[in-house]
Amino acid sequence: EARVTGAMNMVCGGGSSSRGGVGEADSYWSFWEDGSRLLGEEGLVAFLRECTALEGKIAGRRVKIWGHSEDKIGHKGAFDEQVKDKYGLAKLCQGLRPDDWIADFGGNLGITAIHLKLRCPRCKLVTLEPSPWNYVILRLNLLQNHMASGGAVALQGGLATSFGEMAGSHYFGNAW
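Quick look at the sheet that holds strand E5 (residues 152-156)
In step 1: Reading across the sheet, the three strands line up as E3-E4-E5 and stay open at both edges, with parallel pairing between neighbours. Taken across any chain shown, the strands that pair with only one partner, and hence form the sheet edges, are strand E3 (101-105) and E5. With direction set aside, neighbouring strand axes in the sheet form an average angle of 15°.
In step 2: Direction of pairing for strand E4 (residues 124-129) relative to E5: parallel, over a ladder of five bridges. Opposite Val126, over in E5, you have Val153 as the bridge partner.
In step 3: Strands in contact with helix H6 (residues 111-119) are E3, E4 and E5; relative to E4, the strand with the most contacts, it is inclined by about 175°.
In step 4: Relative to the sheet, helix H7 (residues 132-144) contacts E4 and E5, its axis offset from that of E5 by approximately 165°.

Below, the structure is given as structure tokens:
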């Protein structure tokens, strides 16, 4: 029950006066519109009720990462990899200049994107995620960790060698 209230309050802005300025409120509204367009309003609410959060430190900063409750292994596995900097992003970011762009294809829950923005706060970042469900969580995580207005952009779509539409299904149980 606590996770339902926490996720819904965070998205809807209820119960907290620390939301920031108009820009952040607009970002939450945009998140809600996108999520409702992709999943339907009732579907979005039902989906968010099934999400849980992990908290910890990445790049020395406290972060909160939401994921679907059925994907406990993948959610935690991806989070732990970033906490431990398994892919050497600290070293990678040392060579980047403040106005460089970072492209993250397959943004998933946004954990890598958040890690990159924490390491390279002045770089601009675009992350692309084809799954409507993961995209909703990706947007939620960028908002939750104050990345949405700081040069990080999430786009819902995929990358391919030809133009077209993708169809498929999403499996939450250990996608890792």
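Brief notes about the pairing of strand E2 (residues 61-68)
In step 1: The sheet contact formed by strand E1 (residues 51-58) and E2 spans eight bridges and is antiparallel. Its bridge partner lying in E2, Gly56 is registered against Val63.
In step 2: In sequence, E1 turns back onto E2 through a hairpin of two residues, with Ala59 there showing a positive phi of about 55°.

Here's the deal with the nonpolar core
One broad rule of soluble globular proteins: the nonpolar side chains tend to lie buried together.
In step 1: Ranked by internal contacts, the top residues of the largest apolar core, which has 37 residues, are Val63, Ile111, Ile114 and Leu142.
In step 2: Examining the composition of this core, we find that seven residues originate from one element, H7, more than from any other.
In step 3: Ignoring sequence-local partners within four residues, the contact set of Leu142 consists of Ile114, Thr127, Met147, Ala148, Ala152 and Ala154.

Section: the environment of Met147
In step 1: Within the fold, Met147 resides in the loop between H7 and E5.
In step 2: The buried category is assigned to Met147, whose relative accessible area is 6%.
In step 3: Considering only alpha carbons, one finds Met147 and Pro121, 26 residues apart in sequence, at a separation of 9.2 Å.
In step 4: Beyond its immediate chain neighbours, meaning those up to four positions away, Met147 contacts Ile114, Lys117, Leu118, Leu142 and Ala152.

The rules behind these values
Residues numbered from 1 in each chain as written. Predicted model: local features only at pLDDT ≥ 70, side-chain atom pairs only at ≥ 80, totals over all residues. Heavy atoms only, no water. Pairing = 2+ DSSP bridges. Helix = DSSP H or I, 4+ residues; strand = E, 2+ residues; numbered from the N terminus. Axes fitted to C-alpha atoms, helices over the stretch in contact; angles between N-to-C directions. Contact = heavy atoms within 4.5 Å. Core = buried A, V, L, I, M, F, W, Y, C linked by side-chain atoms within 4.5 Å. Buried < 20%, exposed > 50% of the residue type's maximum accessible area, 1.4 Å probe, protein only.

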